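Residue-level listing of the chains:
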Amino acid sequence: MALAGVSKTANAQETPPVYPRIAGYVGILHPLVTFSGEETVTNFDAYYIVGLPTGINIWKSPKIGFSVEIVPLIRAENGTSKVGNLLFHPGVLVSLGHGFTLAGRAAFETAGRYGFTPVLNKIVKKNKNSGYFVAVPLPVRFGNNHPANVTIGFQFGISF
């Protein structure tokens, strides 16, 4: 029995998402500047580093989820390029509302560094089966006989 003034079609279109919900994504990451106790280093000067994050998000509810991503980092320098590092990046997702998500990630690099990465993410365009996002990661790294450092980055991509 339908309620007065409410059509069956409108109710079918407004079905809330079912949880757990799985979403994948791909992106492009540009580390911009890295600060340590010894020096400040900027990307795009003597070399260029780009990351290609690929991940899966598993949302337990509209507010909390788990994510895991793998990021190959390519370094171009002196006319050559190579995969210089591979990052394993598991973490927790917290929805902040209005398209914003905070990811708190652990970080394990094949280059011997480890640490954590808070990431502020914003969906800027949502389609029926995908969404475009921008993100600001702040990787903090330790280990491998290097001083601790923090990097400011910019990432954009598509989720599906």
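Being a predicted model, the structure only gives us computed values, none of them experimental.

Colleague: Describe the overall build of the protein chain, naming the residues involved and giving the relevant values.
Modeller: On a plain count of helices and strands, the protein chain comes out with one helix and 11 strands. Tracing the protein chain from N to C terminus, the helices and strands come up as α-β-β-β-β-β-β-β-β-β-β-β. Relative to the compact-globule value of 15 Å for 160 residues, the protein chain shows a C-alpha radius of gyration of 19 Å, a clear excess of over 25%. The principal-axis extents of the C-alpha atoms in the protein chain amount to approximately 70 × 30 × 20 Å. Out of the 160 residues belonging to the protein chain, those deemed buried represent 33%. Within the protein chain, contacts between residues at least 6 apart in sequence are counted, and of these 48% link residues at least 24 apart. About 9,900 Å² of surface is accessible on the protein chain, with carbon and sulfur atoms providing 66% of the total. In the protein chain, which carries 13 positive and 7 negative side-chain charges, the distance between the mean positions of the two groups comes to 18 Å.

Colleague: Now, about the environment of Val-136: what can you tell me, with residues and values included?
Modeller: Along the polypeptide, Val-136 turns up in strand β9 (residues 131-137). Separated by 121 residues in the primary sequence, Val-136 and Thr-15 have C-alpha atoms spaced 32 Å apart. Setting aside anything within four residues of it in sequence, one finds Val-136 in contact with Pro-118, Val-119, Leu-120 and Gly-153.

Colleague: Hey, could you go over the pattern of salt bridges for me, with residue numbers and the actual values?
Modeller: Enumeration over the complete set of coordinates arrives at three salt bridges. The salt bridge partner of Glu-77 is Arg-75, with a shortest N-O separation of 3.0 Å. Note on Glu-77: relative accessible area 29%, which makes it partly exposed. Between Arg-141 and Glu-109 there is a salt bridge, with the nearest N and O atoms lying 2.7 Å from each other. Of this pair, Arg-141 sits in strand β10 (residues 140-142) while Glu-109 sits in strand β7 (residues 100-109); the two residues are 32 residues apart in sequence, bridging distant segments of the chain.

Thresholds, definitions, all that
- Residues numbered from 1 in each chain as written.
- Predicted model: local features only at pLDDT ≥ 70, side-chain atom pairs only at ≥ 80, totals over all residues.
- Heavy atoms only, no water.
- Helix = DSSP H or I, 4+ residues; strand = E, 2+ residues; numbered from the N terminus.
- Rg over C-alpha atoms; globule rule 2.2 N^0.38 Å.
- Buried < 20%, exposed > 50% of the residue type's maximum accessible area, 1.4 Å probe, protein only.
- Contact = heavy atoms within 4.5 Å.
- Areas by Shrake-Rupley, 256 points an atom, 1.4 Å probe, with all protein chains shown as cover.
- Lys, Arg positive; Asp, Glu negative; His and termini not counted.
- Charge placed at Lys NZ, Arg CZ, Asp CG, Glu CD.
- Salt bridge = Lys/Arg side-chain N within 4 Å of Asp/Glu carboxyl O.

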